[in-house]
Amino acid sequence: MKRKDLLGLKDLSAEEIRNILRAAETMKLIIKQPSKKTPHLQGRTVVNLFYENSTRTRLSFELAAKYMSANAANITASGSSVQKGETLIDTANTINAMGTDILVMRHSMSGAPHLIAPLVSASVVNAGDGMNEHPTQALLDMLTIKEKKGHIGGLKVAIIGDIKHSRVVRSNIYGLTKLGAEVSVGGPATLIPQGMEKMGCKVFKSIQEAIIDADVVMGLRIQLERQKSGLFPSLREYYRFFGVDDARLKYAKPDALVMHPGPVNRGVEFSTSVIDGEASVINEQVTSGVAVRMAVMYLLSRGGFDTEEDDG
Ligand code: CP
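What you see as residue numbers is a count from 1 along each chain, following the sequence as written. Only residues with pLDDT of 70 or above have their local features reported here, since the model is predicted, and side-chain atom pairs are shown and tallied only from 80 upward, although totals for entire chains, interfaces and linings are computed over all residues. By convention in this description, side-chain values take in all heavy atoms of the structure and omit both hydrogens and water.

Trainee: Would you explain the pattern of salt bridges in this entry?
Mentor: Pairing is possible between side chains of opposite charge, provided their charged atoms come close. A carboxyl oxygen of Asp or Glu within 4 Å of a side-chain nitrogen of Lys or Arg is what we treat as a salt bridge. Summed over all chains, the structure comprises 13 salt bridges. The residue Arg3 makes a salt bridge to Glu16 at a minimum N-O spacing of 2.7 Å. Placement of Arg3 in the segment before helix H1 (14-31) and of Glu16 in helix H1 is noted, with a sequence separation of 13 residues between them. Judged by its relative accessible area of 15%, Arg3 is buried. Numbering goes from the N terminus for both helices and strands, where a helix is a DSSP run of H or I of at least four residues and a strand is a run of E of at least two. Three labels apply to residues, based on accessible area from a 1.4 Å probe with only protein chains included: buried if under 20% of the type maximum, exposed if over 50%, partly exposed otherwise in between.

Here it is in structure tokens:
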């Protein structure tokens, strides 16, 4: 299927996801070279339009574009004419009119990239929309799991924390279950939406039950900025009942991977010993992020994810 945009993993087929991961494996070989310049996006222009803060996603899209010889530019809401009252649609059309080929968008409103994609000629890549999806985060998580475990099908992945406000969990459930993994989610009842099971995951209110025999333990950031009222008494109490420390990690398989999309609240989602421990692949996830974003932008520039990367 031809695709102009990457808006989420909900609509991607398993084969399209596998093709992106295969291309990302090739891209990873490139970024491990001393010279990281390739001509994959020679002459193309990539603009990062971020209405929310970001370290990992924005920088990795920018580096991915530059490694592939694209022209790369960044624009944030705080430093743009958005502050003068310009609408999202007018801002996107303005960026599009400057010859932009790929528009990478992060916005606090769920559906913002879906609104813009049909209005612009540029390929739109969703870099996180509200509580909806963060597709490239899930793809980099899957790439990291595949590299470390050799496969994704049949693995048990436990995702722990603020399920309600997390776009990362939604994209991961879509992607991981399409590739045959079993996903469990766990967290305080107030942070798990009603009907979560309908997405194809198991739901646990106790962290031990969610983690038991897991091949992967993925923590999610407690998103205080998206909570209108206190959904748990305090961060200390959250950590006491739902934080993953060395003792709780023992419920998972002995060779379980510890993952987190970042930024991590140390001593809230995970103990420092778990974050920096042997099982942690958090830094590998960051490296995978550059490779996945290279793969996504390159494949979109060729018309979609059906075609395998073949002319490295
Ligand atoms: N994981 C993630 O999206 O991190 P940033 O907010 O730093 O981009």
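So that's the structure; there's more coming.
Trainee: Got a minute to help me understand the nonpolar core in this structure?
Mentor: Generally speaking, nonpolar side chains in soluble globular proteins are found buried as a group. In this text, buried Ala, Val, Leu, Ile, Met, Phe, Trp, Tyr and Cys residues form a nonpolar core when linked through side-chain atoms within 4.5 Å. The biggest cluster of nonpolar side chains holds 65 residues, and the ones touching the most others in it are Leu139, Met142 and Val185. Per element, the largest residue contribution to this core is 10 residues, and it comes from helix H11 (residues 282-301). Membership of the second largest hydrophobic core comes to 23 residues, among which are Ile160, Ile211, Val244 and Ala256.

Trainee: Can you walk me through the side chain of Asp5 in this structure?
Mentor: Its place among the elements puts Asp5 in the segment before H1. Pairing of N or O atoms within 3.5 Å defines a polar contact, subject to two protein rules: one partner must be a possible hydrogen donor and the other a possible acceptor, and residues neighboring in sequence count only if both atoms are side-chain atoms. Polar side-chain contacts of Asp5 include one of 2.9 Å to the side chain of Lys4. For Asp5, the side chain forms a polar contact with the main-chain nitrogen of Val124, separated by 2.7 Å. Each residue touching Asp5, except ones within four places of it in the same chain, is listed here: Ala117, Ala122, Ser123, Val124, Leu300 and Phe305. What makes two residues a contact is simply this: any of their non-hydrogen atoms within 4.5 Å.

Trainee: How should I be thinking about the site of the ligand in this particular structure?
Mentor: Near the ligand, the surroundings consist of Ser54, Thr55, Arg56, Thr57, Arg106, His134, Gln137, Pro261 and Gly262. Note that an oxygen atom of the ligand is positioned 2.9 Å from one of the side-chain N or O atoms of His134. Between Gln137 and the ligand, the recorded distance is 3.0 Å, taken from a side-chain N or O atom to a nitrogen atom. The Shrake-Rupley method, run with a 1.4 Å probe sphere, supplies the accessible areas, and residue values consider only the shown protein chains as cover. The protein chains hide 91% of the 260 Å² of surface that the ligand would expose on its own. Just so you know the grouping, Ala, Val, Leu, Ile, Met, Phe, Trp, Tyr, Cys and Pro go in nonpolar, Asp, Glu, Lys and Arg go in charged, and all remaining residues, Gly too, go in polar. When grouped by side-chain class, the residues that make up the shell around the ligand number 1 nonpolar, 6 polar and 2 charged. Only heavy atoms are used to decide nearness, and a residue is near a molecule or strand if one of them lies within 4 Å of it.

Trainee: Quick question: what am I supposed to make of helix H5 (residues 135-149) here?
Mentor: Note that an α-helix has 3.6 residues per turn; residues three or four places apart therefore point the same way. The end-to-end C-alpha distance of H5, which contains 15 residues, comes to 21 Å, matching closely the 21 Å that a straight helix rising 1.5 Å per residue would cover. Here H5 lies mainly inside the structure; 12 of its 15 residues are buried. Residues of H5 that are buried include every one of Pro135, Thr136, Gln137, Ala138, Leu139, Leu140, Asp141, Met142, Leu143, Thr144, Ile145 and Lys149, and no others. Where H5 terminates, the next one or two residues include Gly150, which has phi positive at roughly 90 degrees. Expected span of a helix: the number of residues minus one, times 1.5 Å.

Nothing here speaks to function; it is geometry throughout.
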